[in-house]
Amino acid sequence: MEPHILSLADQLLLIERELRQLGMWATQPPSASALASTQPFCIDTLPLEQWLQWVFLPRMKLILESADALPRMSGILPMAELAYQGRGPSVAGLLQAIESFDRLIAEVSERHGHPGQ
């Protein structure tokens, strides 16, 4: 497995760990209609932590496991900073894990000839 895939997988695990440690990990999935949102991050139907748990993490794990093309960019950090504004240092680890994921995707994209797309 390529090193960047392992690094991305590690970041996904860190995001999950942070969500669990913050008590943001749900035991029951959201409704099918909430998951069917067409808005970015399911902003109209889910809090960000549920989108991360039920949409983002499973989708990224599937992409990594099946060796599908990675996204050319990831802009989750600005959304997370907005969603968790005012939560203070308690969410610092989660934001750091998301920032690292965004950065890794950008680095992989640049290496494969897709800068800034």
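Keep in mind it's a predicted model, so treat the numbers as computed, not measured. (Residues numbered from 1 in each chain as written. Predicted model: local features only at pLDDT ≥ 70, side-chain atom pairs only at ≥ 80, totals over all residues. Heavy atoms only, no water.)

Trainee: Mind showing me how you'd approach the packing of aromatic side chains here?
Mentor: Working definition: an aromatic ring pair is given by the centre-to-centre distance plus the angle between the planes. One pass over the full model with this rule turns up three aromatic pairs. An angle of 70° between the planes, with centres 4.9 Å apart, marks the rings of F41 and W51 as edge-to-face. Of this pair, F41 sits in the loop between α2 (32-35) and α3 (48-66) while W51 sits in helix α3, and the two are 10 residues apart along the sequence. (Phe/Tyr/Trp six-rings, centres within 6.5 Å; stacked < 30°, edge-to-face > 60°. Helix = DSSP H or I, 4+ residues; strand = E, 2+ residues; numbered from the N terminus.)

Trainee: Quick question: what am I supposed to make of the side chain of D102 here?
Mentor: Relative to the elements of secondary structure, D102 occurs in helix α5 (residues 92-111). Non-local contacts of D102, meaning those with residues more than four positions away in its chain, are made with S74, G75, I76, L77 and P78. (Contact = heavy atoms within 4.5 Å.)

Trainee: It is not clear to me how the pattern of salt bridges should be interpreted in this structure. Could you clarify?
Mentor: Two side chains bearing opposite charge may form a pair once their charged atoms approach each other closely. Applying the stated criterion to the full structure yields four salt bridges. Between E16 and K61 there is a salt bridge, with the nearest N and O atoms lying 3.0 Å from each other. In this pair, E16 is assigned in helix α1 (residues 3-21) and K61 in helix α3, connecting sequence segments 45 residues apart. On the accessibility criterion, K61 (30% relative accessible area) is partly exposed. Residues joined by salt bridges that share partners form a network here, namely E16, R20 and K61. (Salt bridge = Lys/Arg side-chain N within 4 Å of Asp/Glu carboxyl O. Buried < 20%, exposed > 50% of the residue type's maximum accessible area, 1.4 Å probe, protein only.)

Trainee: Would you mind showing me how to read the environment of F101 here?
Mentor: The topology assignment puts F101 in helix α5. Measuring from C-alpha to C-alpha, the distance between F101 and S7 comes to 8.6 Å, with 94 residues separating the pair along the chain. If sequence neighbours within four positions are ignored, F101 has contacts with L8, Q11, L12, I15, F56, M60 and S74.

Trainee: Is there a simple way to think about helix α4 (residues 76-83) in this case?
Mentor: Residues that lie three or four places apart on an α-helix share one face, since the helix turns once every 3.6 residues. Considered for burial, the residues of α4 that qualify are I76, L77, M79 and A80. One face of α4 carries all of its buried residues, which in axial projection span an arc of 160°. Facing away from the buried side of α4 by over 90 degrees, the exposed positions are P78 and L82. On the buried face of α4, the contacting elements are α3 and α5. (Arc of directions from axis to C-beta.)

Trainee: Got a minute to help me understand the layout of surface pockets in this structure?
Mentor: Sizing a probe to match a water molecule and rolling it over the atoms shows the empty space that remains. Of the pockets and cavities examined, the second largest pocket occupies roughly 200 Å³. Lining the second largest pocket are F41, W51, V55, F56, R59, M60, P71, M73, S74, G75, I76 and F101. With five residues, the top contributor of residues to the lining of the second largest pocket is α3. Tallied by class, residues from the lining of the second largest pocket come to nine nonpolar, two polar and one charged. (1 Å grid on protein atoms, 1.4 Å probe; cavity = no way out; pocket = protein on both sides within 12 Å on 5 of 7 lines; lining within 4 Å. Points joined across faces, edges and corners; volume = space filled by probe spheres on them. Nonpolar A, V, L, I, M, F, W, Y, C, P; charged D, E, K, R; others polar.)

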